[in-house]
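# A structural walkthrough
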Amino acid sequence: MAAQMAVNSGASLWGPLKELWETVEGAIWRRQPESGQQGSRLVPEQLLTEALIVSDMFDMGELAALELLLAGEHQQPHFPGLTRGLVAVLLYWDGKLCVANSLRSLIQSRQGKTFTLELSGELVALTTRFTDELMSQGLTKRILSLVSEVNVTREFERLQKQRGLGNEKHRKEVSDLIKESRQALADSLFSWTCQSSLAKDDTLALIGHLETVTVEADGALDSVNLALVMALLYCLDVSFLEQGTEDREDLLQALPLLTEREYMFAVHSRLMDGQTWKLPGLQAVCRLAWALALRALSQLPQGSSLVEFTEADETLADLALRGDVFLFLKEGMLGCEGFTQEEFYIRRLHTLITDFLALMPIKVKQLRNRADEDARLVHMSLQMGSEPPLSLRKDLDHLMFLIGEFYSKDPFGLELGLEFWCPTESLHHTNLQGSYLGIALQRPPHKQVVLSKFVRQMGDLLPSTLYIPYLRMLKGDNMQVGSPVSWEHFFHSLMLYHENLRRDMPNPDVATHYRQPPTRGITQREMDGLTSFLGLLNTIITWWTPVVVVLGLLQCSVPPVLKGELLRCLAAFGKSPEIAASLWQSLEYTQILQTVRVPGQRQAAGIEVELNEIESSCEEYPLTRAFCQLISTLVESSLPVNLGAGLRAPGFGPYLTFLRDAVFLPFPTRAYRHAAEKWEVADAVLEVFHKLLRDYEPQPADFVQEIVELHGEQVPAHKPPGHNIMFHLLNDSPTLALCLSLLGEGVRQLGTYAPFPGKKHLESAVLHCLGLLELALQKEVVFMDLLRESQASLLVSRWSSSSRGPQTRRADHIVNIARWGYALCHAVISTHGSSNPEAAFQSAKILRHVARYPNIQTRLVGDFTHDQGVSDKTHGGLCGILPTWRYNLLGYEVKKPVSSTNLQDPGVLGCPRSCLHAILSLLQRGSEKRSGPVLSQQAPHLAELCYQVIYQLCTCSDTSGPTMRYLRTGQDFLFLSPASTCPFPCQIAALSQMSWLMKTAAIELRVTSLNRQRSHTQRLVSLLLDDPAPSQHTVRRKLLCVLDAIEFSQDIPDLLQLDFFERAQIEQVITNCEHVNEQGHTVCNVKLLHRVLVAEVNALQGMAAIGQRPLLMEEVNSILQQVVERNQVRRSLNAKRHALQSWRSLVLSEDTAGELMPMVAGAVFTLTAQLSQSILSEQQQGVGLDGDGSSGFASIANSALHLILRKLLDFILCTGGGFQRLRAHLYGSLLYYLQIAQKPEEPDTLQSAGKSMWERLTAPEDSFSKLQRENLSIIESYGTALMEVVCRDACDGHEIGRMLALAVLDRILSIDRQSQWLVYLCNSGYLRVLVESLRQDDGALQGLLTPQPPLLKPLYIYESKMALLTRVAKTSEGAVELLRCGLVAQLMECQVFDMVPDSDSHRVMRDPSGFIPSPWTATDRSFCLHAGSSKSS
């Protein structure tokens, strides 16, 4: 049974809400404001039943539930594996999220006291007025009500009853949508309090909500309640009044703490209430914030009327301290994961801490006195052997731990911890001299002085109980700068002296040196201070060498946790390449990892023993993780080739063996007290392997076994570590098996979509695994080729043949890689969950490498489709990430002929959503808005690749038909494509997008015209010839607008200006780092160049190199920047050339080439003639030749002339014999070109021209001779194909074409010193044809001597033939061939020579101007000239 219902899609619960969010987002965040569709449908009964279920589940109207289901059905192809009901659940909560996000964005755009989005005043006034109306209607209470009512557990129970939950992925997405909706609501309230104050009732409602808040299992607030707590803290914040802004008076008038006494009384009474909250620590935080607000108000002139409230600030502070306020701030608020992700959370807590220290110094002093007293009690208890009293408080400890934890992280680079530092002396001058830090200083603010005093006083007479908290505070805030005798102070001073005094160094490039008065100097007092500091540093270094002491402690019997910290300390030292080199040697000598076995030693020693015996028994591995971190740091900085030379076989081998055999391979089977540590170990060791393989480039020497002498014995040297890793990855080794198993474990763990211990490290470990596999595939070809050439006895196999799953023995690891890409990449394209685009990228690259193996396509399709569930997931995931895959993922038939595919929209006739659908949706997303397509703006390179894929599908013979039919009928692609709009941008990516689209349009134009689809052809032609911006005077076609978008000038980077490196050597290194990318363009590998240059800098030795390292690195950066600019120029030129080629393919189709080519050839003839005349003018003026005759012509380079010649010859060869007029233009152009290289005074014979033969033979080659030689070389490179075309045109065809072809042959024979063209002319019979044609010309020539002769064409052809024959006769070989062909006999048989014309009868025909010669004059001159020449030959 079915019911006929009218459906109004504009009234659904999802579509309008999505549009609302897109509109708000565009207006506020992108500054792009935007200035229902109805229908009827026959609804099945099953759909009505589902609508009733959805209506009951979400408590909505039946019609709204039906429309939600219809929307879910429409969006179902985007969610493979889900029913329309499950999709409707997602859309329902996505609509809720859109409303919440819109509300948050509107509130954030308000005018307020904390921040501004720099929007237009009109828009800000509009949003402020609108949100004020919302707030007056009870927005705060509604938000708090929804936050309390909407709960993931409660919603899941309701959905579970109606089977509204799907698989793990669906549950995760629904959970994320609910959480994000609650978070957006809480953020809305927080954003309001940042900008404006809440009313009394709203503030009390917020406090009432916080009274019932609880913490999570880890003891911290969740992100929603954290936002509400921060909202209340901003309600009680008055620190903004200290800023002294222009609108301070307006803010004072709008502050209810000063203007509303009822507000003060209500809030004060609520916070002074003795009733305890569910979280006493949270209550203590609110009381502390209120106490600090009261103290700040008491210092204002307006605060005198609030004495009855401000006098309670001390009491409130005491209550807050008794509630362990600082402990809750650290554990309950800083412990929340979302705290460091919001800048204004950080700023508010910073204000809270610093206000307490600055506004309540007496309270801080009391905390210190209490701590000192407690320390004495503890000391007495220890002396008496009794337990310390239980009543001891640790408020100051908690405060120091809070400061250390809070300021240790600075994700936004705010550097708020700098407020705890200020100079000990105020400087009354602003110049650099006399400033110990080399910078101008002024008197610091009072608050900064108080904070600095706090740090110094806390360190005075520090009791033992505060030692650890104080160090944690200093470590977190880097507050050692606050001390005038700190290391940071001295080293920072030296750095600033160096930066300032370096500018006064004399320039070594200037020839004249003179002393100039220093503008920056060091006073005597500063000199004494620095001398004393350097003396102290010398003493400390002499008596305490930290590296030696740390290494010594590592050899002692200390706990593994301490050894781990010592190794991390060494890793910090190892970040410097100079120290890293010495650290390697120190590790060898101390044998932290035993690499040398002592004779007679039975048991191993060092870290391997501690790993196997101590850490394994304790089930904790801090030492192993720290050792991997140390090796990773040292490998990044420096890896000596001769490591361990003299003690053992040199090389990294023992370290790699330990990391592989003792750490990596056993890690899955070890026991771990903390589950997360398992993945931390895997992540640490795989990071080392990844770095070693990344820096390895296979060399021929790696496959030759090197033998070294050690203690009188010959032992094999260790191979490079990257070589060893490649060997294990190209074999069916345990290392490869564990890497593949780790990928499968990662897919399984992440497939649950649930948090688990060590998730972050597992993702990182799998990323390193993917990186190893991708690098192995990338280097495999070179590795195998070198191995094959070396003939070494090393057994390896291609990864494709050894890639079998370790458990199922099937090639399912490729499916695991694809599923891993799906698990991570789907999060990238969705708005929910965490994302790891790097892992997605690595997975796609591995698939691309594997797909390039011969005969593996069928096997890959089988791997993906043998399990239907895996196939659906992989297909859906890869449709989101768009890998470069074949027909199966693009939606084409694989079990039938591909050309028989009938592509449909997703969901139509059961058609799934494919990569092609994803490509089209990405390109069209946002194209209907004023701002234009989203992809072209946010990811232009991805948009270019999308257009390229579409073009390749249209050119492939198998996919062209289905693709073009679908694009033409189902998508209207060419007309709705974003790249087809004007005006066209001039960016590189935009030009490339437009180029691929024009190529696709050219194919469509040809296909529709050949198939006589006139409507489609006419519509496409109208699109191309459309005037996008019509005016009254001019019409600019869209095709010409494409040319307008191409900038025909190109800026070139300046030459490198180097002070330390040799320019020639750097250019050579840059050339060596160049490669041809996938687009066929030659670019420089910037990363490889960076590694080469950094390695060169690290190889420098000596103190001078250490001192100049910053300057060297600065020059390295300038070189890299230059190379980036060069690559950009190359990409720009390639994009422009590609655009022009595409435009030509669109305009010059095969159907129009025959009509346009003659016109083009005529234009080429005109341009070549003009070029020849211009160069001839230069020669006559004396600027065309170089003094030494070696550089060519002044206005144009020889390479450009060669390009013209090649294009002319290509044009001649690509035209058929039917284009006689075109050939005539091209031959004329070629003659003009060849005339360029001919000396004006060059004689036509070999007679002496005023010089002896010796002088002519020994004279240097001038530019004319060089150009002639190069021209001949280019002509000869075309071989007999060009000879055949020219000779055939010289013997047959149109008269003008024959004349010009004969002239071309004449000119080429004149410069052909090797006589290759003459040999071809003789051997192919064309010379005999020309000679025998003289008898055929005899009759036409006789007709010229009649009283009324016809046209002079036969005479000109005769002249051209005789000129060519004369050229041939000038050589001995040519003269012999002419006699063999019977030239003399042919001439003797010509009767035209015996005819004597009547001079009187022909005299009347003479042109008085002499421009047109009479037949007699022309014939007489021609006969006499050429006949005489032939006879003399």
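A brief report on the enclosed structure follows. None of these values were measured; they are calculated from a predicted model.

What follows covers the overall build of the protein chain. A count of helical and extended segments in the protein chain gives 66 helices and 6 strands. Among the 1433 residues that make up the protein chain, the fraction classed as buried is 47%. Looking at the protein chain as shown, the accessible area adds up to about 72,900 Å², and 54% of this sits on carbon and sulfur atoms.

This next bit is on the packing of helix 10 (residues 223-235) against helix 18 (residues 343-359). Helix 18 packs onto helix 10 with a crossing angle of 50 degrees between their chain directions and a minimal axis gap of 11 Å. In terms of their interaxial angle, helix 10 and helix 18 are classed as oblique. Between helix 10 and helix 18 the crossing geometry is left-handed. Contacts from Leu226, Ala227, Met230, Leu233 and Tyr234 in helix 10 reach Phe344, Tyr345, Arg347 and Arg348 in helix 18.

Within the secondary structure layout, Lys453 lies in helix 21 (residues 446-459). A sequence separation of 32 residues divides Lys453 from Trp421, and the C-alpha atoms of the two residues are 8.8 Å apart.

Under the counting rule described, the total for this entry stands at 43 salt bridges. A salt bridge links Glu50 to Arg84; the shortest N-O distance between them is 3.0 Å. Placement of Glu50 in helix 2 (residues 45-58) and of Arg84 in helix 4 (residues 84-108) is noted, with a sequence separation of 34 residues between them. In this structure, Glu50 and Arg84 share a single accessibility class: buried. Three or more residues joined by partner-sharing salt bridges are found here, namely Glu636, Glu687, Lys691, Arg694, Asp695 and Arg1091.

So, about the side chain of Thr595. Its place among the elements puts Thr595 in the loop between helix 27 (577-590) and helix 28 (607-618). Note on Thr595: relative accessible area 14%, which makes it buried. In this structure the side chain of Thr595 is engaged in a polar contact, spanning 3.4 Å, whose partner is the side chain of Arg648. With sequence-adjacent residues up to four places away left out, Thr595 is seen in contact with Glu588, Arg648, Pro654 and Tyr655.

Here we come to helix 4. Residue pairs three or four apart in sequence face the same way in an α-helix, which turns once every 3.6 residues. The end-to-end C-alpha distance of helix 4 is 35 Å, a good match for the 36 Å that 25 residues give at a rise of 1.5 Å each. Of all 25 residues making up helix 4, 21 are buried, and the element is well covered by its neighbours.

Now for the nonpolar core. Grouped together as the largest cluster of nonpolar side chains are 107 residues, with contacts concentrated most on Trp290, Phe326, Met333, Phe356, Leu357 and Phe454. Counting residues per element, this core draws most heavily on helix 14 (residues 280-298), at 13 residues. Other than its neighbours up to four places away in sequence, Phe326 contacts Leu288, Leu321, Phe356, Leu367, Asp395, His398, Leu399 and Leu402. The next biggest cluster of nonpolar side chains, apart from the first, holds 79 residues, and it includes Phe652, Leu738, Cys769 and Leu770.

A contiguous nonpolar patch, built from Tyr467, Ile468 and Leu471 and spanning about 300 Å² of accessible area, is present on the exposed surface. Judged by relative accessible area, which is 48%, Tyr467 ranks as partly exposed.

Turning next to the pairing of strand 3 (residues 707-710). What you see with strand 3 is a clean split: Val708 and Leu710 sit on the buried side and Ile707 and Glu709 on the side with no burial. Bridge analysis of strand 3 against strand 4 (residues 713-716) gives 4 bridges, and the strand direction is antiparallel. Counted as the bridge partner of Val708 is Val715 from strand 4. In this structure, the hairpin formed by strand 3 and strand 4 is closed by a connection of 2 residues, where His711 is found at a positive phi of approximately 55 degrees.

Let us look at the packing of helix 26 (residues 560-573) against helix 29 (residues 622-637). One way to put it is that helix 26 packs onto helix 29 with a least axis distance of 8 Å and a crossing angle of 10 degrees. Between helix 26 and helix 29, the angle is such that the two are roughly parallel. On helix 29, the residues touching Pro560, Val561, Lys563, Gly564, Leu567, Arg568, Leu570 and Ala571 of helix 26 are Pro622, Leu623, Arg625, Ala626, Phe627, Gln629, Leu630 and Thr633. Class assignment of the residues belonging to the contact of helix 26 with helix 29 gives a composition of 10 nonpolar, 3 polar and 3 charged.

We now examine the packing of aromatic side chains. If you walk through the whole model with that rule in mind, you get 22 aromatic pairs. Summarising the aromatic geometry, the rings of Phe190 and Tyr345 are spaced 4.9 Å apart at their centres and angled 80 degrees between planes, so their arrangement reads as edge-to-face. Here Phe190 is found in helix 8 (residues 168-195), whereas its partner Tyr345 is found in helix 18, with 155 residues between them in sequence. As far as the burial class goes, Phe190 and Tyr345 line up, both buried. Lying over the aromatic face of Trp192, Arg110 brings its terminal NZ or CZ to 3.8 Å of the ring centre.

The rules behind each value
All residue numbers refer to positions counted from 1 along the written sequence of the respective chain. Reporting in this predicted model follows two pLDDT cut-offs: at least 70 for local features of residues, and 80 or more for side-chain atom pairs to be given and counted; totals over whole chains, interfaces and linings ignore these cut-offs and use all residues. Water and hydrogen atoms were dropped before computing side-chain values, which therefore reflect all heavy atoms in the structure. Secondary structure elements follow DSSP: runs of H or I no shorter than four residues count as helices, runs of E no shorter than two count as strands, and numbering proceeds from the N terminus. Accessibility here uses a 1.4 Å probe with only protein chains present; expressed as a share of the type maximum, an area under 20% marks a residue as buried, one over 50% as exposed, and anything in between as partly exposed. Residue burial considers only the protein chains on display, and all accessible areas are found by Shrake-Rupley using a 1.4 Å probe. Axes here mean lines fitted to C-alpha atoms, for a helix over just the part in contact, with angles spanning 0 to 180 degrees between N-to-C directions. Oblique is the label for every angle not falling under 35 degrees (roughly parallel), over 145 degrees (roughly antiparallel), or within 65 to 115 degrees (roughly perpendicular). Handedness of a crossing follows from how the near helix is turned relative to the far one, being left-handed for an anticlockwise turn of less than a right angle and right-handed for a clockwise one. Every residue pair with non-hydrogen atoms within 4.5 Å of one another is taken to be in contact. A carboxyl oxygen of Asp or Glu within 4 Å of a side-chain nitrogen of Lys or Arg is what we treat as a salt bridge. Under this definition, polar contacts are N or O atom pairs within 3.5 Å; protein pairs additionally need one hydrogen-donor-capable and one acceptor-capable atom, and for neighbouring residues in sequence, both atoms have to be side-chain atoms. Expected helix span is taken as 1.5 Å per residue step, with the number of steps being one fewer than the number of residues. Here, nonpolar core means buried Ala, Val, Leu, Ile, Met, Phe, Trp, Tyr and Cys residues that are tied together by side-chain atoms lying within 4.5 Å of each other. A patch consists of residues exposed above 30% relative accessible area that lack any salt bridge, with like charges linked at up to 9 Å and nonpolar side chains (Val, Leu, Ile, Met, Phe, Trp, Tyr) linked at up to 5 Å. By definition, two strands form a pair when at least two bridges between them are found by DSSP. Three classes are used, and their members are as follows: Ala, Val, Leu, Ile, Met, Phe, Trp, Tyr, Cys and Pro are nonpolar, Asp, Glu, Lys and Arg are charged, and the others, Gly among them, are polar. Aromatic rings from Phe, Tyr and Trp, with only the six-membered ring used for Trp, were paired whenever their centres fell within 6.5 Å, and each pair was classed as stacked if the ring planes differed by under 30 degrees, edge-to-face if by over 60, and tilted otherwise. The criterion is that NZ of a Lys, or CZ of an Arg, lies within 6 Å of the ring centre and within 35 degrees of the ring normal, and then a charge sits over that ring.

Any link to function would need more than the numbers given here.
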